[in-house]
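Commentary on secondary and tertiary structure
Here is how the chains run, residue by residue.
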Amino acid sequence: MRQTVTIRKLQKAKRDGRRISMVTAYDATFARLIDQGGADAILVGDSLGNVIQGHGTTLPVTLEHMIYHCAAVMRGVTRAHVVGDMPFISYRGSEDDAVHAACRLMAEGGVNAVKLEGGRSIANLVARLTTAGIPVMGHLGLTPQSVHQLGGFRVQGRAEDDAQRLLEDARILEESGAYAIVLEMVPQALAREVTEALTIPTIGIGAGPDTDGQVLVCYDLLGMNLDFQPKFLKKYANLGEGIQQAIQTYCEEVQSGAFPADEHSF
Ligand code: KIV
């Protein structure tokens, strides 16, 4: 095993009050840059359905797609902890099929852990996976695989009873063996309450500053999706415009003959 950021280290980070940084990646080149940039964890998210495949939701992503991208990411990583998303289709049927899918993601994709969306409804499965030696990261709040049931990509847990239910789900996931939980698009006060109630780390996206860590989609934080500016997103670079500019200059130089110059020729 090459990874040096272990689950124990992530859990110790919570106890020590050191924030955890997680970024998504889908290929070896980005994974290497993110690993060298110092992220604690890399998520091979099923958000690849959006940013790689161009779908409007994550629902069409298959287990084969996830295995392919997880294996590519693993080839670029030497240090960070890597989590692979279980795609929607892989754990909505029998628990036996879901356990088999998680085993394939670990064995063929090579990741260190799997992530599943849901609370009490997947508690048995989480317990079975962890008993089988498969570390599970939970995911509560806005769970994009349930976008149709939730009625859109919107903040979750605003009403008091929804907030209570989410808090209970978080406790149930911890009791079932989850080692960390992503909290997506929940009010800051609820994210803080969940974080304080658990001994395992919470990793927020659109959940405010009080979670134990943060996760962002790499294409979003690098500013590669020009039209995407949700409230929670900070763009740390403007690569979208940079790439467009570079391509435009390349095209102009091919047209004008400025490229290739003598120094590029044999
Ligand atoms: O698929 C994904 O990238 C995710 C993160 C947004 C948490 O689940």
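Higher on the page you've got the structure.
I will try to describe carefully the structure that is included in this document.

1. Observations concerning the packing of aromatic side chains
The description of an aromatic ring pair uses the distance of the two centres, along with the angle that the planes make with each other. Under the criterion given, the structure shown has three aromatic pairs. Each ring, one from Tyr 26 and one from Tyr 219, has its centre 6.0 Å from the other, and the planes form 90°; the classification is edge-to-face. On the criterion of sequence distance, the pair formed by Tyr 26 in the loop between strand 1 (20-24) and helix 2 (28-37) and Tyr 219 in helix 10 (residues 218-221) is long-range, its members being 193 residues apart. Owing to a relative accessible area of 1%, Tyr 26 belongs among the buried residues under this scheme. Classification of Tyr 219 by relative accessible area gives buried; the value is 16%. Aromatic ring contacts, followed pair by pair, group Tyr 26, Phe 30 and Tyr 219 into a single cluster. The side chain of Arg 92 reaches across the aromatic face of Tyr 91, ending 4.3 Å from its centre.

2. What about the site of the ligand?
Every residue close to the ligand is listed here: Thr 24, Leu 43, Gly 45, Asp 46, Ser 47, Asp 85, Lys 115, His 139, Val 182, Ile 205, Val 215 and Val 217. In this structure, an oxygen atom belonging to the ligand sits 3.1 Å away from a side-chain N or O atom of Asp 46. Between Ser 47 and the ligand, the recorded distance is 2.5 Å, taken from a side-chain N or O atom to an oxygen atom. Protein contacts shield 95% of the accessible area of the ligand, which totals 260 Å² for the unbound molecule.

3. Regarding the packing of helix 4 (residues 63-76) against helix 5 (residues 95-107)
For the pair helix 4 and helix 5, the least separation of the axes is 9 Å and the interaxial angle reads 20°. Judged by the inter-axis angle, helix 4 sits roughly parallel to helix 5. The hand of the helix 4/helix 5 crossing is right-handed. For the pair helix 4 and helix 5, the contacting residues are Leu 63, Glu 64, Met 66, Ile 67 and Cys 70 in the first and Ala 101, Arg 104 and Leu 105 in the second. When its residues are assigned to classes, the contact of helix 4 with helix 5 shows six nonpolar, no polar and two charged.

4. Observations regarding the pattern of salt bridges
One side chain can pair with another of opposite charge once the charged atoms of both are near each other. Across all of its chains, the model carries 12 salt bridges by this definition. In this structure, Asp 212 engages Lys 14 in a salt bridge whose closest nitrogen and oxygen atoms are separated by 2.8 Å. Pair noted here: Asp 212 is in the loop between strand 7 (202-205) and strand 8 (213-216) and Lys 14 is in helix 1 (residues 7-16), with a separation of 198 residues, a long-range link. The exposure classification of Asp 212 matches that of Lys 14, with both residues buried. Note that Asp 210 and Arg 192 form a salt bridge whose closest N and O atoms lie 3.0 Å from each other. Highlighted residues: Asp 210 in the loop between strand 7 and strand 8 and Arg 192 in helix 9 (residues 188-197), separated in sequence by 18 residues. Residues participating in the shared-partner salt-bridge network are Glu 64, Arg 104 and Glu 108.

5. A look at a negative patch on the surface
A contiguous patch of negative charge, built from Glu 160, Asp 161, Asp 162, Glu 193 and Glu 196, is present on the exposed surface. Among the secondary structure elements, those contributing two or more residues to the negative patch are helix 8 (160-176) and helix 9. The element best represented in the negative patch is helix 8, accounting for three residues. Secondary-structure assignment places Glu 193 in helix 9. When its relative accessible area of 40% is taken as the criterion, Glu 193 is described as partly exposed.

Conventions used here
Residues numbered from 1 in each chain as written. Predicted model: local features only at pLDDT ≥ 70, side-chain atom pairs only at ≥ 80, totals over all residues. Heavy atoms only, no water. Phe/Tyr/Trp six-rings, centres within 6.5 Å; stacked < 30°, edge-to-face > 60°. Helix = DSSP H or I, 4+ residues; strand = E, 2+ residues; numbered from the N terminus. Buried < 20%, exposed > 50% of the residue type's maximum accessible area, 1.4 Å probe, protein only. Lys NZ or Arg CZ within 6 Å of the ring centre and 35° of its normal. Near = heavy atom within 4 Å. Polar contact = N/O pair within 3.5 Å; in protein donor to acceptor, adjacent residues only side chain to side chain. Areas by Shrake-Rupley, 256 points an atom, 1.4 Å probe, with all protein chains shown as cover. Axes fitted to C-alpha atoms, helices over the stretch in contact; angles between N-to-C directions. Parallel < 35°, antiparallel > 145°, perpendicular 65-115°, else oblique. Left-handed = near helix turned anticlockwise from the far one by under 90°. Contact = heavy atoms within 4.5 Å. Nonpolar A, V, L, I, M, F, W, Y, C, P; charged D, E, K, R; others polar. Salt bridge = Lys/Arg side-chain N within 4 Å of Asp/Glu carboxyl O. Patch = residues over 30% accessible without salt bridge, like charges linked within 9 Å, V, L, I, M, F, W, Y side chains within 5 Å. Lys, Arg positive; Asp, Glu negative; His and termini not counted. Charge placed at Lys NZ, Arg CZ, Asp CG, Glu CD.

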